[in-house]
Amino acid sequence: MIVTMGIHIATAGVADFHRVLTDHPRYWGERDLRSLHLLALVQEFGSTCLVARAEDGIRGYVFGFVTPDGTGYVHLIATRDDARGTGLGRRLYTAFAEAAERHGARRLKAITSVENTGSIAFHRSLGFNTKIVDDYDGPGRTMAVFHRDLPLNVSRP
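These numbers were taken from a predicted model, which means no experiment stands behind them.

Undergrad: Can you walk me through the pairing of strand S6 (residues 107-113) in this structure?
TA: The side chains of a regular strand alternate between both faces of the sheet. Bridge count between strand S5 (residues 71-79) and S6: 4 bridges; the pairing is parallel. Among the inter-strand pairings, Gly72 is bridged to a residue of S6, identified as Leu108. Handedness of the crossover is the feature at issue here: the chain leaves S5, passes through helix H4 (residues 88-102), returns alongside S6, and the resulting connection is right-handed. Looking at chain direction, S6 and strand S8 (residues 143-149) are connected through 7 bridges and run antiparallel. Considered in S8, the bridge of Ser113 is made with Met143.

Okay, here's the thing in structure tokens:
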């Protein structure tokens, strides 16, 4: 567990997963991404699914896993509306990277839609290389694909 400024980053449990879905708009605004939230990730890859807890609830989370080829894949990362701009996203990514490395990861990967300019800028600020891939998520579904080697040594800009 990582503790800084009253926020504890620890593995996510089933109750955390359900809390995140209940508070979905606080993390994702108008975008309905509930279908991307898979309880199986928390159940099967619990050591790389993390939440940032504070006295007032879950301020952010990252759900990911390590692939057999040594890639730490971030499936979802989000911070609550009142935690944005605090560096929490960087802290969550760092905690995920450390957990992924413990499971043999040598690199990180993530994807997002090409319209998600905030996510693209965030990943680039963490040193990810970005490639735009046509039809990545099916016909007509162009995605931004991020890659970077570990370790993830980043500090707040």
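Following the structure, the description resumes.
Undergrad: Mind showing me how you'd approach the packing of aromatic side chains here?
TA: Within a pair of aromatic rings, the relevant descriptors are the distance that separates the centres and the angle that separates the planes. In the structure shown here, the tally under the stated rule is 8 aromatic pairs. Taken together, a centroid distance of 5.2 Å and an interplanar angle of 35 degrees make the contact between Phe45 and Phe65 tilted. Residue Phe45 is found in the loop between helix H3 (39-44) and strand S3 (49-54), and its partner Phe65 is found in strand S4 (residues 57-66); the two are separated by 20 residues along the sequence. What makes Phe45 partly exposed here is its relative accessible area of 34%.

Undergrad: How do you make sense of the nonpolar core when you look at a structure like this?
TA: For soluble globular proteins, nonpolar side chains are generally found buried alongside one another. In terms of nonpolar packing, the biggest core is built from 27 residues, with Val62, Val74, Leu92, Tyr93, Phe96, Leu108 and Leu152 touching the most fellow members. Contributing elements (two or more residues each) for this core: strand S2 (7-11), S3, S4, S5, H4, S6 and S8. The biggest single contributor to this core is H4, with 7 residues. Leave out the neighbours within four places in its chain, and Phe96 touches Thr48, Leu50, Val62, Gly64, Phe65, Gly72, Tyr73, Val74 and Leu108. One finds Phe17, Val20, Tyr27 and Trp28 within the second-largest nonpolar core, a separate group that totals 17 residues.

Undergrad: Help me out: how do you make sense of the pairing of S3 in this one?
TA: Of all the 6 residues making up S3, 5 are buried; the element is thus mostly covered by neighbouring parts of the structure. As paired elements, S2 and S3 share 4 bridges and run antiparallel to each other. Its bridge partner lying in S3, His8 is registered against Arg53. Between S3 and S4, which pair antiparallel one after the other, the connecting turn spans 2 residues.

Undergrad: Before we go on, may I ask you to explain the pattern of salt bridges in this structure?
TA: If you walk through the whole model with that rule in mind, you get 10 salt bridges. Of the charged contacts in the structure, one is a salt bridge between Asp56 and Arg59, with a shortest N-O distance of 3.1 Å. Residue classification places Asp56 among the partly exposed residues on the basis of a relative accessible area of 43%. Judged by relative accessible area, Arg59 falls into the partly exposed class, the value being 23%. One salt bridge in this structure joins Asp82 and Arg80, with 2.7 Å as the shortest N-O distance.

Undergrad: What exactly am I supposed to notice about helix H5 (residues 117-125) here?
TA: Since the α-helix advances by 3.6 residues per turn, residues separated by three or four positions end up pointing in the same direction. Ser119, Ile120 and His123 are the residues of H5 that are buried. Down the axis of H5, the sector holding all buried residues measures 100 degrees, keeping them to one side. Among the structural elements, H4, S6 and S8 are those in contact with the buried residues of H5.

Undergrad: Would you take a moment to explain unusual backbone geometry for this structure?
TA: Residues apart from glycine generally show negative phi values, whereas peptide bonds are mostly found in trans. A cis amide bond, omega 10 degrees, links Leu150 with the succeeding residue Pro151. With respect to the secondary-structure elements, Pro151 resides in the segment after S8. Of note in the backbone geometry, Asp135 takes a positive phi value of approximately 60 degrees without being a glycine. Tracing the backbone shows Asp135 in the loop between strand S7 (129-133) and S8. Residue classification places Asp135 among the partly exposed residues on the basis of a relative accessible area of 45%.

Calculation notes
Residues numbered from 1 in each chain as written. Predicted model: local features only at pLDDT ≥ 70, side-chain atom pairs only at ≥ 80, totals over all residues. Heavy atoms only, no water. Pairing = 2+ DSSP bridges. Helix = DSSP H or I, 4+ residues; strand = E, 2+ residues; numbered from the N terminus. Right-handed = clockwise from strand over helix to strand, strands pointing away. Phe/Tyr/Trp six-rings, centres within 6.5 Å; stacked < 30°, edge-to-face > 60°. Buried < 20%, exposed > 50% of the residue type's maximum accessible area, 1.4 Å probe, protein only. Core = buried A, V, L, I, M, F, W, Y, C linked by side-chain atoms within 4.5 Å. Contact = heavy atoms within 4.5 Å. Salt bridge = Lys/Arg side-chain N within 4 Å of Asp/Glu carboxyl O. Arc of directions from axis to C-beta.

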